[in-house]
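So the chains spell out like this:
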Amino acid sequence: MSTSAHIAPCAARRPDRLRSPSAAPRGRAVEREAIQQREEIAQLREALVSRPVIDQAMGVLMVLNSVSDKTAWQALVHVSQHTNIKIRSLAAQIVAAASGGPALSDSVRTVVSRAMVEYAEQP
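By the naming in an unreviewed UniProt entry, the protein chain goes by ANTAR domain-containing protein and is assigned to Streptomyces hazeniae.

Here is the structure:
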């Protein structure tokens, strides 16, 4: 039996010995990148779905308070942060209230009013 015939079966049984030592870290990096890309795609899809209601809520705030889109956005962000409500959920509540649905809670309405005053006064 030749030496090469003896080596081939051993290599076939132990493929991990054929890999370079740096192959595993590269594989993990590729896997992490793939996970990050899937997460980003999911976030973008969610943004596509939630963006129209956010724009509608901004429109409601703009019309009712005679403010710019920038001011309406700043107010939404402020209210979201101070009430611990996601912007898309807050926007849905504002749109529903403006459409004759359930009114905003007193605490949310208070924070919205304060934010509108605060951001409308900024230059």
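Asker: Help me get a handle on the nonpolar core, residues and values and all.
Answerer: In this structure, Leu61, Leu76, Val79, Leu90, Ile94, Val108 and Val112 are the most contacted members of the largest nonpolar core, which totals 23 residues. The set of elements that each furnish at least two residues to this core consists of helix 2 (23-65), helix 3 (69-83), helix 4 (87-98) and helix 5 (106-120). Considering every element that reaches this core, the biggest residue donor is helix 5, with 6 residues. With near-sequence residues (within four places) excluded, valine 79 lies in contact with Asn84, Leu90, Val108, Val111, Val112 and Ala115.

Asker: I'd like a rundown of helix 5, residues and numbers included.
Answerer: Compared with an ideal rise of 1.5 Å per residue, which puts 15 residues at 21 Å, helix 5 spans 21 Å between its outermost C-alpha atoms and is within 8% of the ideal. Residues of helix 5 that are buried: Val108, Val111, Val112, Ala115, Met116 and Tyr119. Buried positions in helix 5, seen along its axis, are confined to an arc of 135 degrees and lie on one side of it. Away from the buried face of helix 5 by more than 90 degrees, exposed residues Asp106, Ser107 and Arg114 are located.

Asker: Help me get a handle on the pattern of salt bridges, residues and values and all.
Answerer: Once the charged atoms of two side chains with opposite charge are near each other, the side chains can pair. Counted by the stated rule, this structure contains 2 salt bridges. Among the salt bridges present, the one from aspartate 55 reaches arginine 51, with a minimum N-O distance of 2.9 Å. One end of the pair is aspartate 55 and the other is arginine 51, both in helix 2 and 4 residues apart, which spans about a single turn. Aspartate 55 sits in the partly exposed class, given a relative accessible area of 39%.

Asker: Which residues make up the packing of helix 3 against helix 4, and what are the values?
Answerer: Closest axis-to-axis distance for the helix 3/helix 4 pair is 9 Å, and the angle between their directions is 110 degrees. In terms of their interaxial angle, helix 3 and helix 4 are classed as roughly perpendicular. In this structure, the crossing between helix 3 and helix 4 has a hand that is right-handed. Where helix 3 abuts helix 4, its residues Trp73, Leu76, Val77, Val79 and Ser80 lie against Ile87, Leu90 and Ile94.

Asker: Quick one: what's the story with the packing of helix 3 against helix 5, residue by residue and with numbers?
Answerer: It is the contact of helix 3 with helix 5, at a shortest axis distance of 9 Å, that shows an interaxial angle of 140 degrees. Considering their axes alone, helix 3 and helix 5 lie oblique with respect to each other. Crossing of helix 3 over helix 5 shows right-handed handedness. Facing Thr71, Gln74, Ala75, His78, Val79, His82 and Thr83 of helix 3, the residues of helix 5 in contact are Val108, Val111, Val112, Ala115, Met116, Glu118, Tyr119 and Ala120. Within the contact of helix 3 with helix 5, the residues separate by chemical class into 9 nonpolar, 5 polar and 1 charged.

Asker: So, helix 4: which residues are in play, and what are the values?
Answerer: With 12 residues, helix 4 should reach 16 Å at 1.5 Å per residue; the first-to-last C-alpha distance of 16 Å fits that figure. Of all the residues in helix 4, the buried ones are Ile87, Leu90, Ala91, Ile94 and Val95. Down the axis of helix 4, the smallest arc covering the buried residues is 135 degrees, so these residues share one side. Positive backbone phi, at 90 degrees, marks glycine 100, one or two positions downstream of helix 4.

About the cut-offs
Residues numbered from 1 in each chain as written. Predicted model: local features only at pLDDT ≥ 70, side-chain atom pairs only at ≥ 80, totals over all residues. Heavy atoms only, no water. Core = buried A, V, L, I, M, F, W, Y, C linked by side-chain atoms within 4.5 Å. Buried < 20%, exposed > 50% of the residue type's maximum accessible area, 1.4 Å probe, protein only. Helix = DSSP H or I, 4+ residues; strand = E, 2+ residues; numbered from the N terminus. Contact = heavy atoms within 4.5 Å. Expected span 1.5 Å × (residues − 1). Arc of directions from axis to C-beta. Salt bridge = Lys/Arg side-chain N within 4 Å of Asp/Glu carboxyl O. Axes fitted to C-alpha atoms, helices over the stretch in contact; angles between N-to-C directions. Parallel < 35°, antiparallel > 145°, perpendicular 65-115°, else oblique. Left-handed = near helix turned anticlockwise from the far one by under 90°. Nonpolar A, V, L, I, M, F, W, Y, C, P; charged D, E, K, R; others polar.

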